[in-house]
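Here is how the chains run, residue by residue.
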Amino acid sequence: MESAEAKGGSGGECVRVAVNIRPLITTELNDGCTDCTSIVPGESQVQIGSHAFTFDCVYGNTGSPPSSLFRDCVAPLCDALFCGYNATVLAYGQTGSGKTYTMGTNYMGDGRSGGVIPEVMETIFSRVEEMKGTTEFLIRVSFIEIFKEEVFDLLDPAPLSFLKGEGTTLPKLAIPSRTPIQIRETLNGGITLAGVTEPEVRSKEEMGTYLSKGSLARATGSTNMNSQSSRSHAIFTISMEQKKRSHCLTAVVINDDFGDDILSAKLHLVDLAGSERAKRTGADGMRLKEGIHINRGLLALGNVISALGDDKKRKEGGHIPYRDSKLTRLLQAR
Ligand SMILES: Nc1ncnc2c1ncn2[C@@H]1O[C@H](COP(=O)(O)OP(=O)(O)OP(=O)(O)O)[C@@H](O)[C@H]1O
């Protein structure tokens, strides 16, 4: 679920994949469901029936404890951010598999919410606190969602409208009543989002306020497989600029890789909408159309990752199909 353009991961890999197996939830236990996965002892391998799948790390269901997921997979990317590397953490999986729970995208700011993003906030601000005597920081956040191939600003102060969902048991669907924002290309080939809200934040509490505000605004709906299914891809981006304080520039700083320049980097934390089969989610009408958009975006992401993972193609400067979806365009070079 984790990728880094950085040398943040152990061993300097560009892409690392971890699986987090959630326990059965009450409704599944009540329906008599049982675990269908097992971990191959001593291996990062998950066995489902006669098939074995190998990952970089496996958490939950007798793999490593889920509490070590952040330390192993995400903390190195926070370190990389301070060294000026961009990184992305993607939560991918079937609908209801626990992406939002794992990422902590349903953050309510009540101190009880766990997950990757709250831990990232904690880690970044404790490091900023340690370094603030020598370094000036400018930290900004943005929170957007891609819903039916349109990009919406979850921090836009405009109110939401709530529509009745078609053919669902819990008829709630929050639709941003705002106009979608446009993806623009900059002169140097970068990608920006025109007019996206990107407030400066000075503390983890302030960042948490934006996370919970955006979480509430996200499009969710009910399906047979998840009563609170996220119907969009959500991208929470932390942008950091660092500059050495002038009184520190005269001192000899070991490992100082940015002198008096500004060092900028971004960490994207992405909670993807779940991959789904219409037959199993019971989706029809509006929900089915959402599912089609979701699966199309995930297919484009899969194609980009496999093109990037193809050494031959990369070396020969082969085509990477970033333009096939908004998700891949946004993650391309932001
Ligand atoms: N590690 C876990 N421990 C306990 N409960 C979990 C865990 N992970 C997920 N759950 C529960 O499982 C249910 C589905 O989780 P969640 O909404 O995070 O799935 P999702 O993959 O984001 O689904 P979707 O793609 O439909 O949005 C929720 O009720 C959540 O509280």
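Keep in mind it's a predicted model, so treat the numbers as computed, not measured. (Residues numbered from 1 in each chain as written. Predicted model: local features only at pLDDT ≥ 70, side-chain atom pairs only at ≥ 80, totals over all residues. Heavy atoms only, no water.)

J.: Explain the UniProt feature "binding site: ATP" (unreviewed entry) in the protein to me, please; I cannot follow it from the model alone.
T.: As recorded in UniProt, the sites labelled "binding site: ATP" (unreviewed entry) are Gly93, Gln94, Thr95, Gly96, Ser97, Gly98, Lys99 and Thr100. Its place among the elements puts Gly93 in the loop between β8 (87-91) and α3 (99-103). In this fold, Thr100 is placed in helix α3. Residues in contact with Thr100, not counting those within four places in the same chain, are Thr105, Asn106, Arg218, Ser230 and Asp271. (UniProt positions renumbered as here; feature names shortened; annotations may be inferred. Helix = DSSP H or I, 4+ residues; strand = E, 2+ residues; numbered from the N terminus. Contact = heavy atoms within 4.5 Å.)

J.: I would appreciate a short explanation of the sheet that holds strand β4 (residues 37-39) in the present structure.
T.: Hydrogen bonds along the backbone pair up the strands of a sheet, which may run parallel or antiparallel. Taken in spatial order, the 3 strands of this open sheet run β4-β5-β6, and their pairing is antiparallel. Since the sheet does not close on itself, it has two edges, and those belong to β4 and β6 (51-54), each with one partner. Taking each pair of neighbouring strands and ignoring which way they run, the sheet shows an average axis angle of 30 degrees. As paired elements, strand β5 (residues 45-48) and β6 share 4 bridges and run antiparallel to each other. Opposite Gln47, over in β6, you have Ala52 as the bridge partner. (Pairing = 2+ DSSP bridges. Axes fitted to C-alpha atoms, helices over the stretch in contact; angles between N-to-C directions.)

J.: It is not clear to me how the environment of Asp261 should be interpreted in this structure. Could you clarify?
T.: Looking at the secondary structure, you find Asp261 in the loop between β17 (233-244) and β18 (263-271). Separated by 19 residues in sequence, Asp261 and Gln242 place their C-alpha atoms 8.4 Å apart. Apart from residues lying up to four places away in sequence, Asp261 is in contact with Gln242 and Lys243.

J.: Honestly, the packing of helix α2 (residues 68-82) against helix α4 (residues 116-131) in this entry has me stumped. Any pointers?
T.: Across the interface, α2 lies against α4 with an axial gap of 10 Å and an inter-helix angle of 45 degrees. Judged by the angle between their axes, α2 and α4 are oblique. By crossing handedness, the relation of α2 to α4 is classed as right-handed. Between α2 and α4, the residues in contact are Leu69, Phe70, Val74, Cys78, Asp79, Leu81 and Phe82 and Val116, Glu119, Val120, Thr123, Ile124, Arg127, Val128 and Met131, respectively. Of the residues contributing to the contact of α2 with α4, the split by class is 11 nonpolar, 1 polar and 3 charged. (Parallel < 35°, antiparallel > 145°, perpendicular 65-115°, else oblique. Left-handed = near helix turned anticlockwise from the far one by under 90°. Nonpolar A, V, L, I, M, F, W, Y, C, P; charged D, E, K, R; others polar.)

J.: Before we go on, may I ask you to explain the pairing of β17 in this structure?
T.: Here is the key point about a regular strand: its side chains alternate between the two faces of the sheet. Most of β17 is tucked away, with 10 of its 12 residues classed as buried. Where β17 lies against β18, 9 bridges are found, and the strand directions are antiparallel. Residue pairing for β18: Met240 is matched across the bridge by Ala265. (Buried < 20%, exposed > 50% of the residue type's maximum accessible area, 1.4 Å probe, protein only.)

J.: What should I look at first to understand α4 in this one?
T.: Two residues of an α-helix separated by three or four positions point the same way, owing to the 3.6 residues in each turn. For α4, which comprises 16 residues, the first-to-last C-alpha distance of 23 Å matches the rise-based estimate of 22 Å (1.5 Å per residue) to within 8%. For α4, the set of buried residues is Val116, Ile117, Pro118, Val120, Met121, Ile124, Phe125, Val128 and Met131. (Expected span 1.5 Å × (residues − 1).)

J.: What's the story with the pattern of salt bridges in this structure? I'm lost.
T.: For side chains of opposite charge, pairing can occur when their charged atoms come near one another. All chains considered together, the criterion is met by 10 salt bridges. Put simply, Glu28 and Arg22 hold a salt bridge, and the shortest N to O gap is 2.8 Å. A relative accessible area of 27% means that Arg22 is categorised as partly exposed. Two residues, Arg71 and Asp72, come together in a salt bridge whose shortest N-O distance is 3.1 Å. On the accessibility criterion, Asp72 (27% relative accessible area) is partly exposed. Look at the salt bridges and you will find they share partners, linking Glu122, Lys204 and Glu205 into a network. (Salt bridge = Lys/Arg side-chain N within 4 Å of Asp/Glu carboxyl O.)

J.: Honestly, the domain arrangement of the protein in this entry has me stumped. Any pointers?
T.: By a widespread convention, an interface's size corresponds to the accessible area lost as its parts come together. Segmenting the protein into domains produces domain 1 (16-63) and domain 2 (65-159 + 179-244 + 261-277). With centres defined by C-alpha atoms, the gap from domain 1 to domain 2 works out at 26 Å. Each side of the interface is counted separately: domain 1 has 8 residues, and domain 2 has 10 residues. A combined buried area of about 660 Å² lies between domain 1 and domain 2, and 51% of that area is made up of carbon and sulfur atoms. Counting the surface domain 1 buries against domain 2, the share from its top three residues, Asn20, Arg22 and Tyr59, is 69%. Counting every contact that joins domain 1 to domain 2 gives 3 residue pairs in polar contact (both at pLDDT 80 or more). (Domains from an automatic or database assignment. Buried area = accessible area lost by both parts, 1.4 Å probe. Polar contact = N/O pair within 3.5 Å; in protein donor to acceptor, adjacent residues only side chain to side chain.)

J.: What's the story with the side chain of His233 in this structure? I'm lost.
T.: Summarising the element assignment, His233 is placed in strand β17. At 3.0 Å, the side chain of His233 forms a polar contact with the backbone nitrogen of Ala273. Excluding anything up to four places from it in sequence, His233 contacts Ile144, Glu145, Ile146, Arg218, Asp271, Leu272, Ala273, Ile294, Gly297, Leu298 and Leu327.

J.: How should the packing of α4 against helix α5 (residues 204-217) be read in this particular structure?
T.: Relative orientation and spacing of two packed helices are given, respectively, by the angle between their axes and the distance between those axes. Between α4 and α5, the shortest axis-to-axis distance is 9 Å and the interhelical angle comes to 155 degrees. Considering the angle they form, α4 stands roughly antiparallel to α5. Crossing hand, α4 versus α5: right-handed. In contact with Ile117, Met121, Glu122 and Phe125 of α4, α5 contributes Lys204, Met207, Gly208 and Leu211.

J.: How should the nonpolar core be read in this particular structure?
T.: The nonpolar side chains of a soluble globular protein tend to be buried, and buried together. In this structure, Val120, Ile124, Ile139, Met207, Phe236, Ile238 and Leu269 are the most contacted members of the largest nonpolar core, which totals 42 residues. Among the secondary structure elements, those contributing two or more residues to this core are β7 (57-59), α2, β8, α4, β9 (135-147), α5, β17 and β18. Element by element, the count of residues in this core is highest for α2, at 9 residues. The residue makeup of this core includes at least three contributed by each of domain 1 (16-63) and domain 2 (65-159 + 179-244 + 261-277). Setting aside its immediate chain neighbours within four residues, Met207 contacts Met121, Phe125, Ile139, Val141, Val201, Phe236 and Ile238. (Core = buried A, V, L, I, M, F, W, Y, C linked by side-chain atoms within 4.5 Å.)

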